[in-house]
Amino acid sequence: ISNHVWLAPGVRLQPGAVIKEGCVIGVNSLVTGHIPGNCVAVGTPARVSTRNIVWDKTHLANDAPWKFDTTDTLETLWSSDLPFDE
């Protein structure tokens, strides 16, 4: 398993399975072979469903991952008149 790989709950790996950097493996998937970099793979056995993905978790909160850590930098990303929930 390379760096920056996200394994969803219930993922199983067979001996010899290879997962390259930047991949996301879906819930309850079984990885039996080679998953190329920057892909989403799902199923049993896991097959690539999406290629050339980029994902980042720098703005996710550990205790509530559906919320941003702070809203200080959000104005540079998009603008909205709606208030943020605290």
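Structural notes, computed from the coordinates. (Residues numbered from 1 in each chain as written. Predicted model: local features only at pLDDT ≥ 70, side-chain atom pairs only at ≥ 80, totals over all residues. Heavy atoms only, no water.)

## Looking at the environment of Glu21
Mapped onto the elements, Glu21 comes out in the loop between β3 (18-19) and β4 (24-25). Through-space distance from the C-alpha of Glu21 to that of Ile1 is 7.7 Å; in sequence the pair is 20 residues apart. For Glu21, the residues in contact, after removing those within four places along its chain, are Ser2, Asn3, His4, Val5, Gly37 and Asn38. (Helix = DSSP H or I, 4+ residues; strand = E, 2+ residues; numbered from the N terminus. Contact = heavy atoms within 4.5 Å.)

## With respect to the environment of Ala8
For Ala8, the location among the structural elements is in the loop between β1 (6-7) and β2 (12-13). As for Ala8 and Ile25, which are separated by 17 residues in sequence, their C-alpha atoms are 6.0 Å apart. Here Ala8 is in contact with Ile25, Gly26 and Val27, once residues within four sequence places are set aside.

## Some points on the packing of aromatic side chains
According to the stated counting rule, one finds one aromatic pair in the structure shown. For the pair Trp6 and Trp55, a centre-to-centre distance of 6.2 Å together with 45° between the ring planes defines the contact as tilted. Residue Trp6 is found in strand β1, and its partner Trp55 is found in the loop between β8 (47-51) and α1 (74-77); the two are separated by 49 residues along the sequence. (Phe/Tyr/Trp six-rings, centres within 6.5 Å; stacked < 30°, edge-to-face > 60°.)

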